[in-house]
Amino acid sequence: MITTEHERPGDDIRVREDESRMQPDGEYRTIAQFAYLLNCHPRTLQRWIREGHYPPTMRTPGGHPRWSPADIDYYLRLTA
């Protein structure tokens with residue numbers, strides 16, 4: 001896992017960011033990113049998730065759904 005360190009202005013604390021979660025490769029995609037690829041509104045995708053369609057690959061500690069690029073490719077092939 002590759003990490004980078006960034007200093008936050010006004011802090012003596014360094015924030016570590018995992019580059020594998022950054023664009024373009026290896027990042028889990030957000031609802032907004034996935035909805036864009038599906039050509040739908042993010043609220044529509046949220047409804048479809050509640051209905052059991054497009055289950056997320058993982059959820060963040062805050063409960064936000066995320067999809068791997070491989071899962072997104074799979075779902076896009078299903079909808080094509």
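Values in this document were obtained by computation on a predicted structure and should not be read as measured data.

Rules and cut-offs
- Residues numbered from 1 in each chain as written.
- Predicted model: local features only at pLDDT ≥ 70, side-chain atom pairs only at ≥ 80, totals over all residues.
- Heavy atoms only, no water.
- Helix = DSSP H or I, 4+ residues; strand = E, 2+ residues; numbered from the N terminus.
- Buried < 20%, exposed > 50% of the residue type's maximum accessible area, 1.4 Å probe, protein only.
- Contact = heavy atoms within 4.5 Å.
- Areas by Shrake-Rupley, 256 points an atom, 1.4 Å probe, with all protein chains shown as cover.
- Arc of directions from axis to C-beta.
- pLDDT = per-residue confidence, 0-100.

### Topic: the overall build of the chain
Right, so step 1: For the chain, the count of helices and strands is 3 helices and 4 strands.
Right, so step 2: Listed by position from the N terminus, the elements making up the chain come as β-β-α-α-β-β-α.
Right, so step 3: In the chain, buried positions account for 24% of the 80 residues.
Right, so step 4: Residue pairs at least 24 apart in sequence account for 29% of intrachain contacts in the chain once pairs closer than 6 positions are excluded.
Right, so step 5: In the form shown here, the chain has an accessible surface area of approximately 6000 Å², with 52% of it arising from carbon and sulfur atoms.

### Things to note about helix 1 (residues 31–38)
Right, so step 1: Those residues of helix 1 not exposed but buried are I31, F34, A35 and L38. For helix 1, the angular spread of the buried residues around the axis is 100 degrees, confining them to a single face.
Right, so step 2: In this structure, the buried side of helix 1 is in contact with helix 2 (42–50), strand 4 (65–66) and helix 3 (69–79).
Right, so step 3: Within two residues after helix 1, N39 carries a phi angle of roughly 60 degrees, on the positive side.

### Comments concerning unusual backbone geometry
Right, so step 1: Phi is positive for N39, which is not a glycine, with a value near 60 degrees.
Right, so step 2: Topologically, N39 is positioned in the loop between helix 1 and helix 2.
Right, so step 3: The phi angle at Y54 is positive, at roughly 55 degrees, despite the residue not being glycine.

### Considerations on the confidence of the model for the chain
For any part of a model where pLDDT is low, the fine detail of the predicted coordinates should not be relied upon.
Right, so step 1: Mean pLDDT for the chain: 78, with 68% of residues reaching 70 or above.
Right, so step 2: Here residues 1–24 scores under 50 on pLDDT; set against residues more than four positions off or in separate chains, the count is 37 contacts.

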